[in-house]
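Structural characterization, general
What follows is each chain in one-letter form.
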Amino acid sequence: MDMTTFIIRLTICFILSILIGLERQLRHRMVGLRTNVLVCIGAFLFVYLSFGISVSDQTRIAAQVVSGIGFLGAGVILRDGSKIKGLNTAATLWCVAAIGSLCASGLVVEATIGTLFVLLSNIILRLISLIIMGKIKANEKEKYTIRINCKKTKEEKVRANFAKIIDKNDLVLNSLERSEITEEEIKLKAIIITRTPSKVEMVINKISTDPGVVSITWEHEKESKSDNEDSDEG
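Here the structure is a predicted model, which is why all the values come from computation and not from measurement. (Residues numbered from 1 in each chain as written. Predicted model: local features only at pLDDT ≥ 70, side-chain atom pairs only at ≥ 80, totals over all residues. Heavy atoms only, no water.)

1. With respect to the overall build of the chain
Helix and strand content of the chain: seven helices and six strands. Along the chain, from the amino end to the carboxyl end, the secondary structure elements read α-α-α-β-β-α-α-β-α-β-β-α-β. Partitioning the contacts of the chain with sequence separation of at least 6, the portion at a separation of at least 24 is 72%. (Helix = DSSP H or I, 4+ residues; strand = E, 2+ residues; numbered from the N terminus. Contact = heavy atoms within 4.5 Å.)

Rendered as structure tokens:
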């Protein structure tokens, strides 16, 4: 192939990789503009090499590019507790390498269409994913554990007042345990389940004003219907 063809294809490869890299850079991902461009150009040069020399199988080098990008992509995948981050970034790198390979093979129209679909996946599908996850989170239940220390002589009044506040705010009282701290003081441990955390704060504020309450503490944990598991950084 002549030098003009090489420069034209490389330029197209460069521009397409910039489009994907800019999207990654603007969203402050761990692999941004330069890395995406370099991966795309690297894939282009390797695949172009197979067309510039006499080989029996011109797809052999492209196959090695695919496996090589796999190792590179694995390096950006991180585990953060129960979540896995970097999957989308690794997949984008894989697609960028494919775009570079297409450009080197002369399939520039196909490479351009591929770039468009990668951008649509990272932008449009991300928005759809956020909407879906928003609905899932809306259905997640919050489990709150409230511990109330109160005077033993005021226990019945505190319990009645607490139950009244719970019922008034449409919260679910999952359990209520009682234990003695001293001869004059007892502890009430209540587990509340709700989808509206703000109501729990209202309950705590109201019950804390009860003259029989000595102290009150609370903590919470999510009760999700599904594990939030393989989430990527987006």
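From this point on, the discussion continues.
2. Here's the deal with the pairing of strand β3 (residues 141-151)
Successive residues of a regular strand alternate their side chains across the two faces of the sheet. With eight of eleven residues buried, β3 lies mostly within the body of the structure. Pairing analysis gives ten bridges linking β3 to strand β5 (residues 185-194), with the strands arranged antiparallel. Residue Tyr144 lies in a different strand from β5, and its bridge partner there is Ile192. (Buried < 20%, exposed > 50% of the residue type's maximum accessible area, 1.4 Å probe, protein only. Pairing = 2+ DSSP bridges.)

3. Considering the packing of aromatic side chains
This structure, assessed with the given rule, holds four aromatic pairs. Measuring from ring centre to ring centre gives 5.8 Å for Phe6 and Phe44, while their planes differ by 55°; the resulting arrangement is tilted. Of the two residues, Phe6 is situated in helix α1 (residues 3-26) and Phe44 in helix α2 (residues 33-52); the sequence distance between them amounts to 38 residues. A single burial state applies to Phe6 and to Phe44, both of which are buried. Among the aromatic residues, those joined into a ring-pair cluster are Phe6, Phe44 and Tyr48. (Phe/Tyr/Trp six-rings, centres within 6.5 Å; stacked < 30°, edge-to-face > 60°.)

4. Digging into helix α3 (residues 60-74)
Spanning 15 residues, α3 covers 22 Å between terminal C-alpha atoms, matching the ideal 21 Å at 1.5 Å per step. All of the buried residues in α3 are Val65, Ile69 and Gly73. Buried residues along α3 cover an arc of 70° about the axis, so they all sit on one side. Facing away from the buried side of α3 by more than 90 degrees, the exposed set consists of Arg60, Gln64 and Phe71. Those residues of α3 hidden inside the fold are in contact with α2 and α4 (87-104). (Expected span 1.5 Å × (residues − 1). Arc of directions from axis to C-beta.)

5. Points about a nonpolar patch on the surface
On the surface, Val109, Ile113, Leu116, Phe117, Leu120, Ile123, Ile124, Leu125, Leu127, Ile128, Leu130 and Ile132 cluster together into a nonpolar patch covering about 1100 Å² of accessible area. Take Leu116: it is sitting in helix α5 (residues 108-138). (Patch = residues over 30% accessible without salt bridge, like charges linked within 9 Å, V, L, I, M, F, W, Y side chains within 5 Å. Areas by Shrake-Rupley, 256 points an atom, 1.4 Å probe, with all protein chains shown as cover. Salt bridge = Lys/Arg side-chain N within 4 Å of Asp/Glu carboxyl O.)

6. A few points about the nonpolar core
Judged by nonpolar contacts, the single largest core of 24 residues is most densely connected at Ile20, Val39, Phe44, Val65, Ala97, Ile99 and Cys103. Elements with a contribution of two residues or more to this core: α1, α2, α3, α4 and α5. Per-element tally for this core: the top contributor is α4, with seven residues. Sequence-distant contacts of Val39, that is, excluding residues within four places in its chain, are made with Ile69, Leu72, Leu93, Val96 and Ala97. Counting residues in hydrophobic clusters, the runner-up holds 18 residues, among them Phe162, Ile165, Leu188 and Ala190. (Core = buried A, V, L, I, M, F, W, Y, C linked by side-chain atoms within 4.5 Å.)

Everything listed here is a matter of coordinates, which is why it stays silent on function.
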